[in-house]
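# Geometric and topological summary
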Amino acid sequence: MYLLGTQELTNLFSLDPARSIHGWLQTVRPGEHELFVSAISLGMIANQIERLELAERNQWRRRYAEGRRKFEDRGSIVHVDIGVVDVWASNLRGRDLVEDDETTGERTPLGEDSRLVIATAITRGYSLVTKMTPVLQDIANFTTLTIVEP
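Overview of the structure. (Residues numbered from 1 in each chain as written. Predicted model: local features only at pLDDT ≥ 70, side-chain atom pairs only at ≥ 80, totals over all residues. Heavy atoms only, no water.)

Our focus in this paragraph is the packing of aromatic side chains. Summed over all chains, the structure comprises three aromatic pairs. Judged by centre distance (5.0 Å) and plane angle (85°), the rings of Y2 and W24 are edge-to-face. Of this pair, Y2 sits in strand β1 (residues 2-4) while W24 sits in helix α2 (residues 20-28), and the two are 22 residues apart along the sequence. With a centroid separation of 6.0 Å and an interplanar angle of 90°, the aromatic rings of F13 and Y64 are classed as edge-to-face. Taken as a pair, F13 in helix α1 (residues 6-14) and Y64 in helix α4 (residues 54-74) lie far apart in primary sequence, 51 residues in all. Across the pair, exposure class does not vary: F13 and Y64 are buried alike. (Phe/Tyr/Trp six-rings, centres within 6.5 Å; stacked < 30°, edge-to-face > 60°. Helix = DSSP H or I, 4+ residues; strand = E, 2+ residues; numbered from the N terminus. Buried < 20%, exposed > 50% of the residue type's maximum accessible area, 1.4 Å probe, protein only.)

Listed below in structure tokens is the structure:
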């Protein structure tokens, strides 16, 4: 079972076949009930769409709505529940988890929204489909998180 990371879900919604997620899906071919997304990821993407210029925003709104509807129809959206909150609170909240921005080189704390997506994967026992980063490797070292790179 797989949980798409927020960036991979964005890449899927982009419909760009050059994005690695599309090749991964063709290779792995997860079943309809093996591929999930976090409600948190959907919220993060919706928030980013509203920050785009109008023409791009309208295009992305359509892509988002279509993609979200597919996951809703399959019952593949995972919501934050008390189990996720427990894992987040005991393993991820308050920890010094820092990401390196590849573009700017800045170091920023891992956001609580990303921590909740990670906690969702851990709680459900899903492999998180995302690019491996040092902070994710650290989390995998002290939790049961499994990362699958597309």
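The next point concerns the pairing of strand β2 (residues 35-38). Burial along β2 is two-sided: L35 and V37 facing one way and F36 and S38 facing the other are all buried. The pairing of β2 with strand β3 (residues 77-78) spans two bridges and is classified as parallel. Within the sheet, the bridge partner assigned to V37 lies in β3 and is I77. (Pairing = 2+ DSSP bridges.)

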